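The primary structure of each chain is shown beneath.
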Amino acid sequence: MGYQVEKTDDEWRAELSAEEYAVLRRAGTEAAFVGAYTDTETEGTYACKACGHELFTSSTKFHSGCGWPSFYEPMTDTVEYIKDVSHGMDRVEVRCANCGSHLGHVFPDGHGTPTGDRYCINSISLTLRPAEQQ
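Residue indices begin from 1 for each chain and proceed along its sequence in written order. Thresholds applied to this predicted model are a pLDDT of at least 70 for local features of residues and 80 or more for the giving and counting of side-chain atom pairs; totals over whole chains, interfaces and linings are not thresholded and use all residues. For the side-chain quantities, the full set of heavy atoms in the structure was used; hydrogens and water were omitted.

Caption draft 1: Local environment of the environment of Asp39. By the criteria applied, helices consist of DSSP H or I runs no shorter than four residues and strands consist of E runs no shorter than two, each listed in order from the N terminus. Tracing the chain through its elements places Asp39 in the loop between helix H2 (18-24) and strand S1 (44-48). You can call Asp39 exposed: its relative accessible area is 56%. Here the alpha-carbon distance between Asp39 and Ser64, two residues 25 residues apart in the chain, equals 9.8 Å. Residues in contact with Asp39, not counting those within four places in the same chain, are Lys61 and His63. Buried residues are those whose accessible area, probed at 1.4 Å on protein chains only, stays under 20% of the maximum for their type, while exposed residues exceed 50% and partly exposed ones sit between those limits. Contact criterion: two residues are considered in contact whenever any of their non-hydrogen atoms come within 4.5 Å of each other.

Right, dumping it as structure tokens:
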């Protein structure tokens, strides 16, 4: 798939830290309960760390207890979905629709949310833009 933002592997490596690169460009996962945005309640917009594309709003963030920031829906058309059968699991990967960077996965276990979904997203894949700075 073609993306609005396309860079070579070397360009991504130069722009991202080793940890960011491992998650965003190689579909890694940061450790649970260590991410900067796991428990934050700051109002604002969450954007892709790699390209700055806005993805989620704080109004859709909820505490799921899973160890990563959880949202019940993305902003319209900001993510793409890829079937992921790695690690012996059948799940749906969530990527930035603007640059193809790995964000996390979506699960149908967002009980009590308006959509019933839980977008389990790596903090390291995101940049929070606080509402008061927008």
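Caption draft 2: Region of the structure containing the pattern of salt bridges. By definition here, a salt bridge exists when the distance from a side-chain nitrogen of Lys or Arg to a carboxyl oxygen of Asp or Glu is within 4 Å. The final tally for this structure, using the stated rule, is 9 salt bridges. Residues Arg13 and Asp9 are paired through a salt bridge, measuring 3.2 Å at the closest nitrogen-oxygen approach. With Arg13 and Asp9 both in helix H1 (residues 9-15) and 4 residues apart, this pair spans about one turn of that helix. A relative accessible area of 46% means that Arg13 is categorised as partly exposed. In this structure, Asp84 engages Arg91 in a salt bridge whose closest nitrogen and oxygen atoms are separated by 3.4 Å. Residues Asp84 and Arg91 agree in their burial class; the two are buried. One continuous salt-bridge network, built from bridges that share partners, spans Asp9, Arg13 and Arg26.

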